[in-house]
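Observations on the model geometry
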Amino acid sequence: MSTAEIRRRFTSHFADNPALPHTAVPSASLLLDDPNLLFVNAGMVPFKPYFLGQATPPFPRATSVQKCIRTPDIEEVGKTTRHGTFFEMCGNFSFGDYFKEGAITLAWELITKAIADGGFGFDEAVLYPSVLDGDEEAVSIWRKVTGLPDDRIVRLPPKENYWSMGIPGPGGPCSEILIDRGPAYGADRDWDAGDRYLEFWNLVFMQDELSAVRSKSDFDIAGQLPKKNIDTGMGLERVAYLLQGRNNMYETDVVFPVIEKAEALTGKKYGARGADSAANDVRFRVVADHIRSSMMLISDGVTPGNEGRGYVLRRLLRRAIRNVRLLGYEDPALPELMPVSRDKMGETYTELHSDWERIIRVANAEEDAFRKTLQAGTQIFDLAAGALRQAQGPGQAAERPQMSGATAFQLHDTYGFPIDLTLEMAAEAGLTVDEQGFRSLMTEQRERAKADARAKKGQHADLSVYRDILDTNGPTDWQAYTTLETESGRIALLSGGKPTDVLGNGEIGELVLDRTPFYAESGGQVADAGIIEFDGGRLEVVDVQRPVKGLVVHQVRVVDGELTPAAKHFHAQVDQDWRIGARQAHSGTHVVHAALREVLGPTALQSGSYNRPGYLRLDFGWTQGLTPGQVKEIEEVSNNALRADLPVSWDYMTLSQAKDWGAIALFGETYDDSKVRVVEIGGPWSRELCGGTHVDHSSQIGTIVVTGEASVGSGNRRIEAFTGVEGFRYLARERDVVGQLTDLLKTQPDGLLDRVGDLVERLKSAEKEIEKVRVAQLLANAGSIAEKAIDVDGVAVIAARASGAGGNDVRTLAMDVRGRIPADRPSVVVILGDADEKVAVVATVNEAGRARGLKAGDFVKALAPVLGGRGGGKDDLAQGGGTDVAKIDEAISLVPTLVR
């Protein structure tokens with residue numbers, strides 16, 4: 001029975017049931033917004049709000065076939081028949097409707113009903129229901145529904161047959177359906193032998209309210225749920241290989257075609273007998289599983305990256321690519337393998353076909369990047385591994401040599417090898433890795449980066465002086481959210497990172513006040529500008545930083561007077577125009593981020609930002625350039641949000657509350673677990689954790705004018721925009737340029753493109769004609785150059801200069817000159833051109849000259865170093881270059897000597 005038919009029969013059994021019809025719910029995305037999950041890992045996940053009482057279910061019963069990803073055991077994939085990353089869970093659910101007897105009856109009926117009658121046709125003689133030990137109600141129902149004797153109903157402990165989410169909330173006993181696959185898979189009645197008594201259906205009787213969950217088998221039951229629910233799951237892949245007579249999920253009709261394609265590519269056979277057969281079988285299975293899993297993740301919007309979901313995808317893709325290479329196939333594999341998986345999975349998930357161009361583009365880009373990484377990194381790994389083995393003494397043969405943390409760090413830092421790949425390769429090579437040493441070096445690198453950043457801002461990396469100030473005086477009373485000016489007292493004055501009493505006129509130092517209205521640079525927003533006045537003088541605020549948490553430090557320049565210990569009282573005043581522009585830019589960044597996600601999808605997440613008054617830039621994870629239409633749409637969605645005058649508000653809550661509320665916590669930012677600030681624009685349209693300053697309504701941003709979109713590294717793009725007055729000024733400049741062009745070209749604005757296009761075409765045509773004339777003039781000299789050939793030992797030698805000629809022109813001229821010399825006369829032609837302060841040299845030798853042992857490549861190799869460059873080529877034609885134009889005549893004089 002095909003996988004597609006199994007899926008269809010399952011859904012039909014519940015959706016078309018005359019007594020208990022279920023609502024058929026399509027599979028949700030693998031990326032549901034659940035703060036506790038990286039991916040959907042069970043069929044019930046999309047229904048969690050109903051089970052938790054957070055939402056009212058729109059139907060009493062449901063059925064689905066849900067896409068799932070589980071990643072904790074990636075290294076075990078292929079080694080066992082049970083571990084896989086992507087799988088489909090067939091489920092039926094009751095929300096306060098039927099309970100144990102209904103669930104057991106529906107499951108047993110489908111499993112045992114004859115295939116001809118629409119069931120799966122399993123033989124009752126090999127089926128064993130399991131129940132939670134002590135759940136006599138379930139035992140009684142199983143006897144009633146199935147007629148099985150008591151010894152066929154297996155009682156298992158809570159560790160096996162009690163379900164909870166691992167947190168306080170709903171829970172309940174389970175009842176599994178096991179199939180006995182025979183003594184070849186394990187001992188009789190050994191219920192822990194998972195391959196012998198294989199569980200393929202699990203029924204959860206959700207009936208208890210758990211007040212504490214300490215482990216899977218240690219929890220407190222506070223009482224009964226007000227409504228009892230049913231959550232079941234049948235593993236589609238397991239049922240498929242059971243009904244298809246296969247040994248495992250990798251050999252089913254939707255997965256095995258990838259293995260067959262890999263066999264064709266590599267020349268190896270799956271299931272063959274031989275020294276490497278077991279290892280190769282694991283590799284085949286890894287490839288088949290990871291190809292499918294990666295494709296499904298990309299389809300749902302995941303892109304390869306170094307963190308979170310992106311890292312999981314990158315790891316899956318790279319493990320698949322590497323295992324194909326280990327099987328002997330060196331060429332790009334994903335363009336060959338992934339379409340096979342698409343054709344099988346696309347029968348159900350049709351979006352794989354409609355979105356195929358994007359999916360395969362993402363996959364191919366990652367393979368291209370990884371192939372470069374492998375080429376360099378594998379050589380370093382092999383050298384290190386070889387050195388370790390060579391250094392191992394005879395008495396240490398039983399010990400596994402250990403690769404140092406420094407080598408693992410070099411592979412990661414220089415060649416892009418993730419540590420898990422190094423660990424995997426080391427295990428295959430019989431080595432261990434000093435993981436702790438690697439982690440220590442990674443920590444040191446991060447600390448150096450932080451110290452460097454602090455040094456650039458604070459002129460030094462020693463934070464002890466700031467820590468002493470904080471310990472002595474307590475945290476700064478920071479009032480940037482509530483006011484633009486404060487009356488403040490001096491806490492400390494620093495110069496060059498050391499305490500000082502005096503700053504003279506024009507000098508720069510660091511001033512710490514007891515309170516301040518100045519925003520310190522954070523979260524991509526630059527620090528406020530403004531002034532600080534004191535009796536007898538004035539300071540310009542150059543920068544504001546938080547070198548240690550809780551302490552705000554102003555970098556100031558004395559613009560009037562002298563700052564001495566006599567100055568006790570300060571008036572701190574933020575530049576109002578600066579703050580307005582900064583608020584517009586920061587709120588504008590949130591708006592553009594929300595617009596980006598609306599246009600491109602929820603996976604287009606901000607990875608970095610920078611905003612100053614009137615300007616913003618936003619970096620986001622994306623593998624391809626945006627089309628002009630997409631950029632225009634992002635700008636339009638942004639400005640529509642401004643026109644809608646959306647309210648902007650913020651609130652404080654715990655980090656877990658913020659995530660539950662749907663707030664976006666940006667990668668790379670660290671947040672206080674006890675309190676975070678959530679900024680909301682237009683309700684749920686934009687909710688982000690943010691500590692910046694913002695406008696009160698979106699209309700106060702003024703305008704958002706997108707000025708550019710470009711790549712800033714692998715898998716990352718950048719959008720830049722002007723906001724507020726700067727946005728209007730940018731548009732005004734564009735208007736002025738259009739006006740000047742229309743005056744210059746004597747046309748109307750709407751005819752400008754056609755007019756400029758016509759001029760460009762005419763210019764191109766003229767340039768082609770000029771090029772033809774120039775080449776003709778150049779070649780017109782070929783005859784006179786050929787006439788100047790000199791005889792060197794019976795060889796016609798020509799060495800000439802072509803002023804103003806570049807590489808292609810020099811090559812054309814050299815070939816033309818050679819053609820003017822009789823074919824039976826040995827000849828060498830060397831032409832040197834100079835253009836744009838560079839030298840091009842081309843040597844050519846005819847057939848008669850090559851018969852004399854002359855080679856064009858030898859001439860170029862000899863002359864190029866003289867010209868400050870290099871080159872080479874074939875015996876009949878070679879080309880090179882250099883940068884020393886002054887040496888051309890010297891090189892020409894050397895040519896005859898090279899013939900002798």
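Before reading further, recall that the structure is shown in the block above.
Numbers given for residues are sequential positions, taken from 1 along each chain in its written order. pLDDT decides what is reported in this predicted model: residues at 70 or higher carry local features, side-chain atom pairs at 80 or more are listed and counted, and totals for whole chains, interfaces and linings draw on all residues regardless. Working from all heavy atoms in the structure, the side-chain values ignore hydrogens and water.

A few words on the side chain of Q244. Note on conventions: DSSP H or I runs of at least 4 residues are helices, E runs of at least 2 residues are strands, and numbering of each starts at the N terminus. If you trace the backbone, Q244 turns up in the loop between α6 (236-243) and α7 (256-266). When accessible area is computed with a 1.4 Å probe and restricted to protein chains, residues below 20% of their type maximum are described as buried, those above 50% as exposed, and intermediate ones as partly exposed. Since its relative accessible area comes to 19%, Q244 is described here as buried. For the purposes of these results, a polar contact is taken to be a pair of N or O atoms within 3.5 Å, where, inside protein, one atom must be able to donate a hydrogen and its partner to accept one; residues adjacent in sequence count only when each atom of the pair is a side-chain atom. A polar contact is formed between the side chain of Q244 and the backbone oxygen of M1, at a distance of 2.9 Å. Sequence-distant contacts of Q244, defined by excluding residues within four places in its chain, comprise M1, S2, T3, T252 and D253. Residue contacts are defined here by distance: any two heavy atoms, one from each residue, within 4.5 Å place the two residues in contact.

In this section: α7. Of all eleven residues making up α7, eight are buried, and the element is well covered by its neighbours. Turning to α7, its buried residues number three or more, namely F256, P257, V258, I259, A262, E263, L265 and T266. Along its buried surface, α7 packs onto α8 (277-299), α9 (308-326) and α10 (334-345). Following α7 by one or two positions, G267 adopts a phi angle in the positive range, close to 80°.

Moving on, we get to the packing of aromatic side chains. Each pair of aromatic rings taken from Phe, Tyr and Trp, with Trp reduced to its six-membered ring, is defined by centres within 6.5 Å and is described as stacked if the planes are under 30 degrees apart, edge-to-face if over 60, and tilted in the remaining cases. Within the structure shown, the criterion is met by 25 aromatic pairs. Measuring from centroid to centroid gives 4.5 Å for F47 and F93, while their planes differ by 40°, and the two rings are tilted. Here F93 lies in strand β3 (residues 86-95) and F47 lies in the loop between β1 (23-25) and α2 (48-51), a separation of 46 residues in the sequence. The same class applies to F47 and to F93, which are both buried. Here a set of aromatic residues connected by ring pairs shows up, and it is made of F47, Y50, F51, F59, F93 and F95. The rule is short: NZ of Lys or CZ of Arg within 6 Å of the ring centre and within 35 degrees of the ring normal puts a charge over the ring. Here the guanidinium or amino end of R181 rests over the ring plane of Y185, the centre of that ring lying 4.1 Å away. In this structure, R546 is placed above the aromatic ring of W478, and the distance from its NZ or CZ to the ring centre is 4.2 Å.

Definition used for salt bridges: Asp or Glu carboxyl oxygen within 4 Å of a side-chain nitrogen of Lys or Arg. Going through the model one piece at a time under the given rule, you end up with 43 salt bridges. For R61, the salt bridge is made with D97, and the minimal N-O distance between the two is 2.9 Å. Within this pair, whereas R61 is found in strand β2 (residues 61-69), its partner D97 is found in the loop between β3 and α3 (100-112), the two being separated by 36 residues in sequence. Assessed through its relative accessible area of 34%, D97 is described here as partly exposed. Notably, a salt bridge pairs E336 with K261, separated by 3.7 Å at the nearest N-O pair. Residue E336 is found in helix α10, and its partner K261 is found in helix α7; the two are separated by 75 residues along the sequence. Look at K261 and you get partly exposed, because its relative accessible area is 27%. Sharing partners across several salt bridges, the network here consists of E136, R143, D150 and R155.

For the rest of this paragraph, the subject is the side chain of R358. By secondary structure assignment, the location of R358 is in helix α12 (residues 356-391). Classification of R358 by relative accessible area gives buried; the value is 17%. Among the polar contacts listed, one links the side chain of R358 to the side chain of D355, at a separation of 2.7 Å. Setting aside residues up to four positions removed in sequence, R358 forms contacts with I298, S299, G301 and Q624.

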